[in-house]
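# Structural overview for review
Residue-level listing of the chains:
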Amino acid sequence: MSNIGSYEERVKNFSWDIAKEVLDWKDGELLNIGAICSDRVCGMGKGSKPALIWEGFGGRSARYTFDDLKVYSNAFAGFLREQGMEPGDRICIFMDKIPSLYFSFLGILKIGAIVQPLFSAFGEESLEVRLASAETKAILTTVKHVKKVRKIRERLPHLEKVVVVDGNPDRLKGDEIFFDVEKYPAIKEFDVYRSDSETPSVLHYTSGTTGQPKGALHVHNSIWGQALTANWVLDLRDDDIYWCTADPGWVTGTSYGIIGPWSLGVTQCVLDSGFTSARWYQFIQDNKVSVWYSAPTAIRALMKDGGELVKKYDLSSLRHLASVGEPLNPEAVIWSGEVFGGLKFHDTFWQTETGAIMISNYPGMEIKPGSMGKPFPGIEASVLDLETHEPLTEPGKVGLIAFRPGWPSMFRQYWKRPDIYRSKFVGAREDAMPDELRTDKSLWYVSGDRASIDADGYFWFVGRDDDVINTGGHLVGPFEIESALVEHEAIAEAAAVGKPDKVNMEVVKAFVTLKPGYEPSEELELDIMNFIRKKLSPLAMPQEIEYVEKLPKTRSGKIVRRYLRALEWGEEVGDLSTLSDE
Ligand code: PRX
């Protein structure tokens, strides 16, 4: 594994081929993420090296080597092929962070199918919308979550197989299939699908302002971006014990909780139990974690419990800290430097769509607390004027974060939505196809965020350019929440916006008008909250519901969330001339 080198040096001499050197890659090798993260590591003599150190609820724990990763992912691959799953089929993984999630992720890729990981806390409606959109053919789940699948199954004609990977096979219903990875006859060598760089790999659903969530489709070529950034930005080395706290239901948990570290043959830890600061510090101490990738919300929660608690643990194994998902406030950077022996969290910026880190505080580069750092070598980033979409040259001026297309881990399309894909590129021809867009260096891919760049080239995040709510580093779409809210018997109309929160940055607040015959009450508020939690997820659940007589609307009848959000944040309300005055 190569040395990370200085940022300036790397920018000057950059080529994506360096990623191949880092993986010691020979031309003509099989480009399959599932095999690269397991079989290939074993082939390099690391079969007996720990790959996964796992801890769950109630003191349960397990350890798996790269040899185990190979055999167990082969088992999933063999079983799925036996079940008739074919290359290109969408196979959903819907489980907590248990070992089978990780094995099946690699196994699905080994047969050339597309992995669709979904956050296990999703309620039945969130699940249904995403499975329906992807026309998912099989779902791998557990006893704890299969009940949600049962409720929606008959509305999902494409869903042929429901596989339960734990529990008691006698308790399954109908044609549900039981699969125990440890009992499946061991397949020493699996005939891995001959994928190439453009073979689809992972389909992550992500929320936008309008409409239901969209599936960002990635390809096996993403590995070059993920491996190189894991090596250079997360500074992962062969002897590291790495902990990424993200759930693979979200992109951080796959790009850097599976693909990046394991392609490099690095040992990683997974903690599948509820958060407490003490539990986390204990986990770092017990497993001698050296590199830790987490999120600002978690860091703020740790800060709340104070520096004294940190002193009770031996955290001297830590060497490098990084963060992603939301703005990392300067206080959190400074605090981490104080309590973790001089180690500061390095902020990184990227998205589901970008597949890998785009802007970051590169190791060794001076950290400016509050800044996201600079573009990764090989990434051309800019901020574009809000109106003209021309790159801004004046330091400090706020514009839209944009990237030149063509980096390896860039998403290849939004599932069956070429129109929305096209709308993310400034300057795109109206009939341009996804493949043309992703390689056209005259275009800019616009992230949907606002930032400024200072005189030293550091990026400073300002906020999103749309109405998407970022709660604890998770994006939730207001439209999805509003659609679910109006399904409640008492609600006539609804608007969902983010309101400020000390730990989670934002939480969901809903404004609702009631149908005739319903009166505002605390009881109703709780009922609505629970309704959304069950249907969508705890993340999407409004933390507050405000009953209003009417919602602000434009003359054409569109609810103006911008207005409600500004009120919540105590900001200028802006131009209201387009609002209806009825
Ligand atoms: O708004 C930005 C915010 O999270 C969005 C991407 O969310 P998602 O696709 O779910 O991927 C999350 C993890 C890669 C961005 O458009 N975001 C991400 N990182 C940062 C951030 N906002 C501020 N600072 C960051 N470092």
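Residues numbered from 1 in each chain as written. Predicted model: local features only at pLDDT ≥ 70, side-chain atom pairs only at ≥ 80, totals over all residues. Heavy atoms only, no water.

## With respect to the nonpolar core
Ranked by internal contacts, the top residues of the largest apolar core, which has 110 residues, are I91, F105, Y242, Y256, W262, Y293 and F403. In terms of residues, this core owes the most to one element, helix α5 (residues 66-82), which gives eight residues. Here this core spans two domains, since at least three of its residues come from each of domain 1 (7-360) and domain 2 (380-456). Beyond its immediate chain neighbours, meaning those up to four positions away, W262 contacts I36, C37, V41, A51, L52, F66, L69, Y102, L106 and Q268. (Core = buried A, V, L, I, M, F, W, Y, C linked by side-chain atoms within 4.5 Å. Buried < 20%, exposed > 50% of the residue type's maximum accessible area, 1.4 Å probe, protein only. Helix = DSSP H or I, 4+ residues; strand = E, 2+ residues; numbered from the N terminus. Domains from an automatic or database assignment. Contact = heavy atoms within 4.5 Å.)

## So, unusual backbone geometry
Even without being glycine, H389 reaches a positive phi, approximately 65 degrees. Its place among the elements puts H389 in the loop between β17 (381-384) and β18 (399-403). Its relative accessible area of 30% is what places H389 among the partly exposed residues. A positive phi is found at M505, a non-glycine position, where the angle reads about 70 degrees. Along the polypeptide, M505 turns up in strand β26 (residues 505-514).

## As for the side chain of S273
Here S273 shows up in the loop between β11 (267-271) and α11 (277-287). Ignoring sequence-local partners within four residues, the contact set of S273 consists of G56, F57 and R279.

## Looking at helix α19 (residues 561-569)
Regarding α19, the residues found buried are R561, L564 and A566. As for α19, its buried residues are in contact with α17 (478-485), β25 (491-501) and β26. Within two residues after α19, G570 carries a phi angle of roughly 65 degrees, on the positive side.

## Focus on the pattern of salt bridges
Under the definition given, this model contains 43 salt bridges. Close ionic contact of R438 with E198 constitutes a salt bridge, the shortest N to O distance being 3.4 Å. Linking R438 in the loop between α16 (434-437) and β21 (444-453) with E198 in the loop between β7 (177-178) and β8 (200-206), this pair joins segments that are 240 residues apart in sequence. You can call R438 buried: its relative accessible area is 15%. The partner of E544 in a salt bridge is K509, with the nearest N and O atoms 3.2 Å apart. Within this pair, whereas E544 is found in strand β27 (residues 544-547), its partner K509 is found in strand β26, the two being separated by 35 residues in sequence. Judged by relative accessible area, which is 3%, K509 ranks as buried. Shared partners join several salt bridges into a network, and the residues in it are K499, K509, E544, E546 and E568. (Salt bridge = Lys/Arg side-chain N within 4 Å of Asp/Glu carboxyl O.)

## Focus: the site of the ligand
Surveying the vicinity of the ligand reveals 18 residues, the closest of which are D347, T348, Q351, T352 and D449. Within the contact set of the ligand, a nitrogen atom lies 3.5 Å away from a backbone nitrogen or oxygen of P327. The separation between an oxygen atom of the ligand and a polar side-chain atom of T352 is 2.6 Å. Burial of the ligand by the surrounding chains reaches 97%, relative to a free accessible area of 550 Å². Elements with a minimum of two residues in the shell around the ligand: α10 (251-263), β14 (345-349) and β22 (459-464). Ranked by residue count, the leading element in the shell around the ligand is β14, at three residues. Classifying every residue of the shell around the ligand by side-chain character gives eight nonpolar, six polar and four charged. (Near = heavy atom within 4 Å. Polar contact = N/O pair within 3.5 Å; in protein donor to acceptor, adjacent residues only side chain to side chain. Areas by Shrake-Rupley, 256 points an atom, 1.4 Å probe, with all protein chains shown as cover. Nonpolar A, V, L, I, M, F, W, Y, C, P; charged D, E, K, R; others polar.)

## Quick notes on the domain arrangement of the protein
Each assigned domain of the protein is listed here: domain 1 (7-360), domain 2 (380-456) and domain 3 (469-569). Taking only C-alpha atoms, the centre of domain 1 and the centre of domain 2 are 27 Å apart. Facing 28 residues of domain 1, the contacting portion of domain 2 comprises 17 residues. Summed over both partners, the interface of domain 1 with domain 2 buries about 1900 Å², with 63% contributed by carbon and sulfur atoms. (Buried area = accessible area lost by both parts, 1.4 Å probe.)

## A few points about the packing of α5 against helix α6 (residues 99-110)
When two helices pack together, their arrangement is given by the angle between the helix axes and by the axis-to-axis distance. Contact pair α5 / α6: the axes reach a minimum separation of 7 Å and the direction vectors enclose 60 degrees. One element, α5, and the other, α6, form an angle in the oblique class. When you trace α5 past α6, the crossing you get is right-handed. Across the interface between the two elements, L69, K70, Y72, S73, N74, F76, A77, L80 and R81 from α5 touch S100, F103, S104, L106, G107, I108 and K110 from α6. The class makeup of the residues in the contact of α5 with α6 is eight nonpolar, five polar and three charged. (Axes fitted to C-alpha atoms, helices over the stretch in contact; angles between N-to-C directions. Parallel < 35°, antiparallel > 145°, perpendicular 65-115°, else oblique. Left-handed = near helix turned anticlockwise from the far one by under 90°.)

## Side note on the sheet that holds strand β12 (residues 291-294)
One open sheet holds the nine strands; their spatial order is β2-β1-β11-β10-β12-β13-β14-β15-β16, and the pairing between them is mixed. At either end of the open sheet lies a strand with only one pairing partner, and these are β2 (61-65) and β16 (374-375). On top of the sheet, helix α12 (residues 296-304) reaches β12, β13 (320-324) and β14; it is set at about 120 degrees to β13, its chief contact. (Pairing = 2+ DSSP bridges.)

## So, the sheet that holds β25
Spatially, three strands are ordered β25-β26-β27 in an open sheet, and the strand pairing comes out mixed. Unpaired on one side and paired on the other, β25 and β27 mark the two borders of the sheet. Each strand of the sheet is rotated relative to its neighbour by a mean of 25 degrees, with strand direction disregarded. With ten bridges joining them, β25 and β26 adopt antiparallel strand pairing. The partner of K499 across the bridge, within β26, is V507. Those strands touched by helix α18 (residues 522-535) are β25, β26 and β27, and its axis lies near 125 degrees from that of β27. Strands in contact with α19 are β25, β26 and β27; relative to β25, the strand with the most contacts, it is inclined by about 40 degrees.

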